[in-house]
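Residue-level listing of the chains:
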Amino acid sequence: MAAMMVMSSSTILSQEVVGQVGEVVGQVGEVVGQVVKYHLSDCHLVLITAARHSPITSSIIRHLSVGGVACVVVEAGSVVSQDHLAQDHLLQQLWGDATTTCRGLILDLTSTNDSEVVLRLSETAGLRKKSDTVVVAVGGRAGVREVLLHHSLRNTLHALYLALHHHTSLTPPPHPASRLGKPHTGEGTVNDDVWVYRRCMYCGDGEANIQVIGNWMVQSIAQDIHALFNEQLNTMMGHKLSVVAVPHFPYMDFDRSTEGPGGVISPKDTVDSRLIHTFANVLNFTFEIREEHELSWGLLENGVFTGMMGQLQREETDLCAAAGPSPERLRVVDFLRGYPSDLMTLTSLKPSLLPKNLSLIRPFTGELWVALLVSVVVCGVILWLLQRAWQWVAGGRRISYSSILLYIWGDLMEQTAIHLSVSYSGRVLVGWWLVFCLVVTTGYRSSMVAHMTIQGKTRPIETFEDLAKLHNWRWGTEPWLLKGVPYEYFSKHPDPLIQHIYRNMEKVSREEALKKVLAGSYTLVVWENNLYITIASYYTDTHGNTPYFTSKKGVSIMAAFGWGFRKGAPFYPRFHQIISRLEDAGIISYWTKETISKRVRENRASAALDTQIILAHTDQDDGKEVVLGMQHLQGAFYLLILGYSVAFLTLLGENLTRCWSSPR
């Protein structure tokens, strides 16, 4: 009888435990279903479980299917056991495609021994790169801190943990009396067995911590979820951000510390320094800015970036200042557009006055002079043929071609040398030729007056096409520019013109390059805003005169400048929101102009400018009336001397021919 009573008690206890476990499992499935219903109904859902036949997983799937929600179910153990190639193939489509804008992750951690496998799989799948993914974990209360503060969730903004008090008793124990100590009396409610915790990003003095929400009532889940998941990152609680920078004024500039390359720096008044202080005031964080020890934005070498991009790729820093995007960089960092990028411009000497010894022929282009000469010859030939045809029919005196050619040329010079007795057809041709001569001579005289009044100048160098057409011309750029996107642009551009520019480009410092530009036949290729400050500060007089000309048709290498963030940085959306407001209000554009003007004033105040030296390389046109002198009409005298020489040679040839042909 005693044995029967013991067996009866054991059976009753086992039934009570099974019943309680069933209620807990159902409660968990319903809570997860409510979370999905009110916040993740349109999201891409992934459920990772450690056990293939977990009651929690089955309950969650059942409640999701009732709501018409589908999810991807992954067994962590089977995926981890695969080789790397198969594992990468399985994880590629885990988070959906490029059009997926909302993601949810459910972790079944009720199998205590395999919870680390689930979290490791989340890390391998790149959960850290998707900070907006909502994570709901289910496990025991003992693992709350371990899970919510796990390294794989370091960037996750919204993470919940449903803690089960009896998660180890999901199956009835063989000897419940010995395990539980005493039979479960049934006191308390199911809600006491499911407690909810959340991960807060910066509530632990600027670091991640855990908050207890309590036990949720199913009836109030909708209100609680709405208040929890719509919370924005309004404060970072004094969290310290690590920033890396390369000097590139007006966006970033700093005073180097005594620590050497890579040390902490003190930023000067620049656009980025104003932005970072604005962000820090709004989001309540501190920051430390370090210099990139190689002063490099970053180049891709064997799949790994160097410079600032490399630090972000390795997650050694949180963000970098003043960088540009590229397809390769966007694969490893998140880019925040801050301001329009500089144009790559060409700086050469200002256009100089054209040589004055060519003033006589400059009113017409070379093509027009050739066309005019051809017209004289053709018109002479046609008139000579008409005259010969008339002489063959009617007879009369024959006129030589040389006489007709001189007649045509005299009409063009408005000085007819001879009078030809020609036919009516010849007179018609001569009449039209006189009209043609009137138009040509009138155009020449008016153009001559204009060129004499306003002295012409050489054509400025505006584009790479203009630069490539020049003979005996050199160009260069600063070495630091070829440590980032400009290097990728020039070295990988398919256009043969750009390749020609890159192959012949010299690496030279700015000071040396500007000296070479003053010497002539040299062009500096550099960012527009950055060079403008140097020219306006040290190579421009008080009247704004400078010997340098900067092209107005710059090349846009990048769509924009901005900041780079490590992949999955949780504060990236808030930075994007704030900088968009500043840009829409015109603050960033105003700051850019203000910092440039301020730096120019500071440089000019601290430098002793010698305007006479600066302007010695410029040929200024004061706009006064031009008085024609020998320098303007020297071309006419050159033509006269040429005519004398040709006439003398002709006379010499005639005499020699006469002597050789006369009988002795």
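Use the structure listed above.
No experiment lies behind these values; they were computed from the predicted model shown.

J.: Sorry, what's going on with the environment of Gly204 here?
T.: If you trace the backbone, Gly204 turns up in strand E6 (residues 194-204). Under the relative-accessibility criterion, Gly204 is labelled partly exposed at 22%. Placed 35 residues apart in sequence, Gly204 and His239 show a C-alpha to C-alpha distance of 9.4 Å.

J.: Explanation requested: helix H17 (residues 510-519) in the structure shown.
T.: Side chains of residues three or four places apart in an α-helix project in the same direction, reflecting 3.6 residues per turn. Those residues of H17 that sit buried are Arg510, Ala513, Leu514, Val517 and Leu518. Taken around the axis of H17, the buried residues stretch over an arc of 145°, which confines them to a single face. Across H17 from its buried face, at more than 90 degrees, point the exposed residues Lys515 and Ala519. Following H17 by one or two positions, Gly520 has its phi on the positive side, about 105°.

J.: Honestly, the sheet that holds E6 in this entry has me stumped. Any pointers?
T.: Adjacent strands of a sheet form backbone hydrogen bonds with each other and so pair up, either parallel or antiparallel. Across the sheet, 7 strands lie side by side as E2-E1-E3-E4-E5-E6-E7; this open sheet has mixed pairing. In this open sheet, the two strands that pair with only one neighbour each are strand E2 (72-75) and strand E7 (207-214). When the angles between neighbouring strand axes are averaged without regard to direction, this sheet yields 20°. In terms of strand pairing, strand E1 (residues 44-49) meets E2 through 4 bridges, oriented parallel.

J.: Would you mind showing me how to read the packing of helix H11 (residues 366-394) against helix H13 (residues 424-453) here?
T.: Two packed helices can be described by the angle between their axes and the distance between those axes. Contact geometry for H11 and H13: axes closest at 10 Å, N-to-C directions at 165°. If you check the angle between H11 and H13, you find them roughly antiparallel. The two elements H11 and H13 cross, and the hand of that crossing is left-handed. Counting all contacts with H11, which are made through Trp369, Leu372, Ser375, Val376, Cys379, Ile382, Leu383 and Leu386, the residues of H13 involved are Ser425, Gly426, Leu429, Val430, Trp433, Phe436, Val440 and Tyr444.

J.: It is not clear to me how the packing of aromatic side chains should be interpreted in this structure. Could you clarify?
T.: Any pair of aromatic rings gets described here by the distance separating the centres and the angle formed by the planes. Going through the model one piece at a time under the given rule, you end up with 20 aromatic pairs. Each ring, one from Phe279 and one from Phe575, has its centre 4.6 Å from the other, and the planes form 45°; the classification is tilted. Taken together, the positions of Phe279 in helix H9 (residues 271-283) and Phe575 in helix H19 (residues 572-584) put the pair 296 residues apart, joining distant regions of the chain. By relative accessible area, Phe279 is classed as buried at 0%. Measuring from ring centre to ring centre gives 5.3 Å for Tyr539 and Tyr548, while their planes differ by 85°; the resulting arrangement is edge-to-face. Tyr548 sits in the buried class, given a relative accessible area of 4%. An aromatic cluster is built from Phe279, Phe285, Trp563, Phe565, Phe571, Tyr572 and Phe575, whose rings are joined through pairwise contacts. Above the plane of the ring of Phe249 lies Arg599, whose end atom (NZ or CZ) is 3.9 Å from the centre.

So, how was this worked out
- Residues numbered from 1 in each chain as written.
- Predicted model: local features only at pLDDT ≥ 70, side-chain atom pairs only at ≥ 80, totals over all residues.
- Heavy atoms only, no water.
- Helix = DSSP H or I, 4+ residues; strand = E, 2+ residues; numbered from the N terminus.
- Buried < 20%, exposed > 50% of the residue type's maximum accessible area, 1.4 Å probe, protein only.
- Arc of directions from axis to C-beta.
- Pairing = 2+ DSSP bridges.
- Axes fitted to C-alpha atoms, helices over the stretch in contact; angles between N-to-C directions.
- Parallel < 35°, antiparallel > 145°, perpendicular 65-115°, else oblique.
- Left-handed = near helix turned anticlockwise from the far one by under 90°.
- Contact = heavy atoms within 4.5 Å.
- Phe/Tyr/Trp six-rings, centres within 6.5 Å; stacked < 30°, edge-to-face > 60°.
- Lys NZ or Arg CZ within 6 Å of the ring centre and 35° of its normal.

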